[in-house]
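# Fold and contact review
Below are the chains, spelled out letter by letter.
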Amino acid sequence: MALKPDASSHNDVSASTPVTPNPETATVATTPVKMVSIITKPLLPLSPPPDALGSHEHETLLEAQGTDVSADSTEEASLVAVSTANGDLLPTTVTPTHYDIHLRPDLTTGVVSGSVSIDAHINEATDRIILHAKCIAITRVAVYCGTLLASVDGDAVTYDNSELEMATIQMPYVLQPASVQIIITFTGILSESMYGLYRCRYRDRKGDPSVMLVTQFQAKCARLAFPCWDEPAIKAEFTLALSVPSNHIALSNMPVVEETEELNGLKTVYFARSPKMSTYLLAIVSGELDFIEATTLSGEIIANSDPPQRAAVPCRVYTAAADIDKVRFSLDTAVRVLELLVDMFGCAYPLPKLDLVAVPELEAGGMENWGLVLFRTVRLFITSQTSLWIRQKAVYVIAHELSHQWFGNLVTMAWWDDLWLNEGFATWIGIHITDLMYPEWRRWDHFAIEDRQAALSADSLRSSHPVQVTIKGSADIDQVFDSITYYKGCSLIRMLSAHLGTEAFMAGVRAYLNAHAFASATTSDLWAALEAASGQPVATLMNSWTTHVGYPVVSVDADFESGELRLTQNRFLHSGNVTPDEDCVLWWVPLGMVSSECALPVPAVLHDRSGLFEIPGSSHATWIKLNYNNAGLYRVRYSRDALRRLASAAASTSLMRTADAVGILNDAVALAISGHVPTSAVLDMVAAFQARQPEFVVWQILGMFLESLHQTWADRSPPALREHIRSLARALFAPQAAALGWAHRLNDSPLVARLRAISIPRAAWAGDTQVIAQALAHFEQFYAAPTEPKPFHHDFTASVFEIAVRCGPVANHARVQDMYEHSARWQLSEDHRMAALGAMACSRDPACMWQTLDYALSDHVLPQDLNIVMGFMVTADHRSKHVLWRWFKLNYQQLVARLGEASALLGHVVSTVVGDFATAEMADDVELWFADKHTAAFDRTLPQSLEFIRVRAAWFERDHNDVQQWFQAYASESCDY
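Bear in mind that the values here come from a model prediction, so they are computed numbers and not experimental data. (Residues numbered from 1 in each chain as written. Predicted model: local features only at pLDDT ≥ 70, side-chain atom pairs only at ≥ 80, totals over all residues. Heavy atoms only, no water.)

### What to know about the overall build of the chain
Counting secondary structure elements, the chain contains 29 helices and 31 strands. Counting the 977 residues in the chain, one finds 63% classified as buried. Per element, the accessible surface of the chain, about 33000 Å² overall, is 53% carbon and sulfur. (Helix = DSSP H or I, 4+ residues; strand = E, 2+ residues; numbered from the N terminus. Buried < 20%, exposed > 50% of the residue type's maximum accessible area, 1.4 Å probe, protein only. Areas by Shrake-Rupley, 256 points an atom, 1.4 Å probe, with all protein chains shown as cover.)

This is how it looks when you write it as structure tokens:
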């Protein structure tokens, strides 16, 4: 699954399908190809159709397992040894090998009738069958072994409504070990959240509001749709039949093999049998959809082909008819990505087809269901008007999800404690593939300033967790879909692959996939494959990184006269106050040393607490840099003299690579926050780094640092100091914005385009009157003439909206709301429609702030998009986060009702709302307010947010005089920076 989007980012907004009139539809295929095949029909009749279920029966169904249909995910099991805190795994007395499922959902009543025939092994004598079921009422169970062995009705079933979410079927006598067939009929309900089998709002072929069927089973939500062994290691084959409206296209993991017409405007669609896979990967989509199609040469190698040639695999992208012209780029990307992955893994794509579907309401940015990959619409709707950053993000997310077809689907982690095997690797592959396809984007440089920093920041907290994480309980699984799992996991893979070499690393990966295909694996399995391929002790090198929380800071004491270098490693904490008990881990640290005399990294390693090394180039070197290309996951703290020499070299693009300059600046900021160096030392570096004019990533860090400094200082500093910080930002970004202008030039590289796109909003934030005036004029012209070409490049759309609301008349707030609600009138792309929503939260008017927050809870805003509003508001103005906190406390119960108490979305909203405070008093206020709340869905993220608040509070207390004196000293030299 792709990482939940960072809704606080002004340039990355995740969206839903706009509700707009249906334009003239392009000529595309609209019906599935019928394939001739024979499949088994359900062996038992379904439960009574939904219209035969009266209100009493519906109430009984809900009472059977409670009315909470916002199930999140958790509690899975394994047939191999796994690590859990509570051992809440299903017993292995009975295990499935094949499910034959028939579902008949009623889109009007929300009731689902179903049956499932399960081929299973009774592994030891038992009189009970225990499996997962939630919000399901089992009505009848029959067990066959050639002939009927036993049969019971629903009274013999008891439900555990706790976090276990298990159903126990009490049989009339003991069942002996054998291969059996278990046939279960049941009724369920369509979920009201974005989990399980749920109704998703969209526009049908006529352009009218309607609902489609969608599933989200990761991590533990297949049990919401049918009784099953809902644990990743308990793999089985699946055959599915789905009864849906006749005008729907029904999709699942495998191709359609037969359709039969029924009464009452329904049809039953039968799908081919799947290979062995985990329950969370089973998927269903059904609606009035169109598709475009291409073929990829990614199947098995054709026998006797010379030269060897792979079989063609059809690849389709499905969406609502009105949006079919928006997905061509995504289809072309998917075809290219799939073929690159086949070459990289040396392994054919395992299924006979690949479908991508644009889903208006989806909890995550993407979901890797095998053969039926789902995406939020903003990730697939890429047009000529889409901003460059969203286009780049789309390529990455498609590559991430398609890499899961092997790493996660073909080979699955045995339990959620090894989730990083899925997500860390898919993140690495996603960036690697994007970099192969578009090297001019420099995707790894961007990883260094955002994703890697997110991992380092989160893992510098006491409340962090190891990459191989112990799962505490039911609500815990969704919380570990976080920056540690994705970005620390990716960083560790990048560090290891750089050490082993890409060729040896990928040889180990291919061996791992071949050894564990259609099965489950653990971290130790991956290490064993990499050891065999590389001949290096990978487990010994990596265990400290994956089994322990945190990472080191390497202190550098360089004697340039003697050429001697003393290095020391200690655990790094943002708070800066590491205790001896917390500093007991010794990491394997690949040093990657370069110097003024040695451009290629020296392959030295620090194993111990400290060690002596020779400076590359010996006494001739004038500077030294550790962690070449930012490949290692650690911070570096240089002595004052070494840092002075290094900063001078970093100012020159000819002396130092961008990634290395980025690493120096990022480490300096982190070390200032933790108290290892004064903040004034970072401010001193700002001028030196201005010389790297063309480099987007360096300027992005400078802007992020100054905004963070302003946010942390704003609540407790006099207006003059706040203005000094903004003046420094203005001195940096206003000339940059003026030089680059509003128009993209023909020969501009993507990085120059990105630099222009961040310089304009940064200059406006800093108060540059020229940029603000230009943005307001552009907005007026665009709003007044929606059918005319935009008076500015589409990369600036989000910035123009944001500046118009923050700096323009109050009426602009209503105008961007109008654009959000009627995006087709202004021909807004999907990301720009979401930018309009986010811009509404940028007003400085308290009444508009409150109105926007109330609006976010209305039906105009999908639950998945709530956090976009929150994210924009906390960064819009230093006062707006306090307005948001007051509103949040008053409307908390409505938020819980809208998102679900167990929803991961609720946890994301909580961390966004409280995460930017910077005083100890606010930390205490937040902690006290949540003390009597049910916080199981965010009991990891809330402590992390509180710790971040206290870290920022300590940063201010420690350095506020230092910062004040720095700005006073420089204020005398210039009236404006």
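Text resumes after the structure shown.
### A short note on empty space enclosed by the protein
Here the idea is plain: a probe the size of a water molecule rolls over the atoms and shows the empty space left. Inspection of every chain in the model, using the stated rule, returns seven cavities of 30 Å³ or more. Quantified by volume, the second largest cavity comes out at close to 80 Å³. Of all the secondary structure elements, the ones that give two or more residues to the lining of the second largest cavity are β31 (635-638), α14 (658-674) and α15 (679-689). Counting residues per element, the lining of the second largest cavity draws most heavily on α14, which supplies four residues. When grouped by side-chain class, the residues that make up the lining of the second largest cavity number 10 nonpolar, no polar and one charged. (1 Å grid on protein atoms, 1.4 Å probe; cavity = no way out; pocket = protein on both sides within 12 Å on 5 of 7 lines; lining within 4 Å. Points joined across faces, edges and corners; volume = space filled by probe spheres on them. Nonpolar A, V, L, I, M, F, W, Y, C, P; charged D, E, K, R; others polar.)

### A word on the sheet that holds strand β11 (residues 237-245)
Strand order in the open sheet formed by eight strands is β5-β4-β8-β2-β1-β11-β14-β13, with mixed pairing between adjacent strands. Strands with a single pairing partner mark the edges of an open sheet, and in this sheet they are β5 (147-153) and β13 (256-261). Across the sheet, the axes of successive neighbouring strands diverge by a mean angle of 15°, strand direction being ignored. Bridge count between strand β2 (residues 111-122) and strand β8 (residues 178-189): 12 bridges; the pairing is antiparallel. Bridging from a neighbouring strand, V116 pairs with I184 of β8. (Pairing = 2+ DSSP bridges. Axes fitted to C-alpha atoms, helices over the stretch in contact; angles between N-to-C directions.)

### What about the UniProt feature "active site" (unreviewed entry) in the chain?
What UniProt calls "active site" (unreviewed entry) maps, in this numbering, to E401. Along the chain, E401 turns up in helix α4 (residues 388-403). We classify E401 as buried; its relative accessible area is 0%. (UniProt positions renumbered as here; feature names shortened; annotations may be inferred.)

### Re the nonpolar core
With 328 residues, the main nonpolar core has I182, F226, L626, F888 and F930 as its most contacted residues. Not counting the four nearest positions on each side in its chain, I182 is found in contact with V94, V116, S117, I118, A120, I129, V141, A142, V143 and W229. Of all hydrophobic cores here, the second largest spans six residues; its members include C135, I189, C221 and A904. (Core = buried A, V, L, I, M, F, W, Y, C linked by side-chain atoms within 4.5 Å. Contact = heavy atoms within 4.5 Å.)

### A short note on a negative patch on the surface
Judged by side-chain charge, D557, D559, E561 and E564 come together as a negatively charged surface patch. Within the secondary structure, D559 is located in strand β23 (residues 552-559). (Patch = residues over 30% accessible without salt bridge, like charges linked within 9 Å, V, L, I, M, F, W, Y side chains within 5 Å. Salt bridge = Lys/Arg side-chain N within 4 Å of Asp/Glu carboxyl O. Lys, Arg positive; Asp, Glu negative; His and termini not counted. Charge placed at Lys NZ, Arg CZ, Asp CG, Glu CD.)

### A word on the layout of surface pockets
If you add up the space inside the second largest pocket, you get close to 540 Å³. Residue lining of the second largest pocket: 23 residues in total, with M495, A498, H499, Y628 and A631 positioned closest to the centre. Listing elements by their share of the lining of the second largest pocket, those giving two or more residues are α5 (419-437), α9 (483-500) and β27 (598-602). A per-element tally of the lining of the second largest pocket places α9 first, with five residues. For the lining of the second largest pocket, a count of residues per class yields 13 nonpolar, eight polar and two charged.

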